[in-house]
Amino acid sequence: MKDMKCSIIPKFLTYLCVHLHFQTEKWEFLGGSKRSHSAMDLVRTPQMRKRAIILFYIWFVNVLVYYGLSLGVSQLGTDLYLTQFVFGLVEIPARTLVLIVLPFTRRFTLSGFLAIGGLACLLMLAVPADHPNVFTGLAMVGKFGITASFAVIYVYTAEIFPTVVRQTGIGVSSMFARMGGVLAPIINMLHNHSPATPLIIFGTSPLLGAVLALALPETADRPLPDTLEDAENWDVRSAPILGNLEPDEDFRSPDSSSEKQELQHLAS
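Residues numbered from 1 in each chain as written. Predicted model: local features only at pLDDT ≥ 70, side-chain atom pairs only at ≥ 80, totals over all residues. Heavy atoms only, no water.

Peer 1: For the packing of helix 5 (residues 107-123) against helix 6 (residues 132-160), give the residues involved together with the corresponding values.
Peer 2: Across the interface, helix 5 lies against helix 6 with an axial gap of 8 Å and an inter-helix angle of 155°. The angle between helix 5 and helix 6 falls in the class roughly antiparallel. The chirality of how helix 5 crosses helix 6 is left-handed. Contacts between helix 5 and helix 6 involve Arg-107, Thr-109, Leu-110, Phe-113, Leu-114, Ile-116, Gly-117, Ala-120 and Leu-123 on the former and, on the latter, Leu-138, Val-141, Gly-142, Phe-144, Gly-145, Ile-146, Ala-148, Ser-149, Val-152, Ile-153 and Tyr-156. Grouping the amino acids of the contact of helix 5 with helix 6 by side-chain chemistry returns 14 nonpolar, 5 polar and 1 charged. (Axes fitted to C-alpha atoms, helices over the stretch in contact; angles between N-to-C directions. Helix = DSSP H or I, 4+ residues; strand = E, 2+ residues; numbered from the N terminus. Parallel < 35°, antiparallel > 145°, perpendicular 65-115°, else oblique. Left-handed = near helix turned anticlockwise from the far one by under 90°. Contact = heavy atoms within 4.5 Å. Nonpolar A, V, L, I, M, F, W, Y, C, P; charged D, E, K, R; others polar.)

Peer 1: Please set out the UniProt feature "transmembrane region" (unreviewed entry) in the protein chain residue by residue, giving values where relevant.
Peer 2: When the UniProt feature table is mapped onto this chain, "transmembrane region" (unreviewed entry) is found at residues 52-69, 81-102, 109-129, 135-156, 168-190 and 196-216. Secondary structure content for residues 168-190 is 96% helix and 0% strand, and the end C-alpha separation is 34 Å. A distance of 31 Å separates the end C-alpha atoms of residues 196-216, which is 86% helix and 0% strand. (UniProt positions renumbered as here; feature names shortened; annotations may be inferred.)

Quick look at the structure:
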């Protein structure tokens, strides 16, 4: 019995040391550093700068097109109240679809929905003026795509920015989004001079955002960055220590009856 206890104790101590080492590193990442961070840290390093600029642009485009289509309902040539009701109703399936596809991928989900919104707006340019129902249908498809991408960008942004600047990053992104909201009605006013201009802007800007979104890292099923260094080394960052431990035969659960009996003796 004494020999069995001696053989189990080193295994337990080894596991305990690994666990304490991991907790120490985690503490250093989350609480060990007292350095304060500002909005400048979002663009201080190359990778963070690239991702931040892309995210700022996508937030800007989402709100620009979202409110541009919503405020341009009166220019579709159909019943104003019915169209506005359907424009609001289309957001339900858009957000529902996001809940289904978002767990698989963030990057391609965002890029795909932005592309749908942009292509629908550009296709509206090819619809004759005597087909208002087709024109309105494409506008609803565009609203569907932008609404879905708007739902994705909230989650995606929070996962890309590291913990130390996450709230700051979302706040600055929201600031750029408000700029899009301010410009949306102004761009709609261009319809009086050139009916195609607002649709070109609302169509090309999401397509550019769809391409830029492909340059962002995938965050689905990956550990989130805690520090700026984690975000900068995203592609080479290893998984947590305990997650990388291979099941050594010293740590494997006992499969044989003799090992089970030893553990039962120790428990008693």
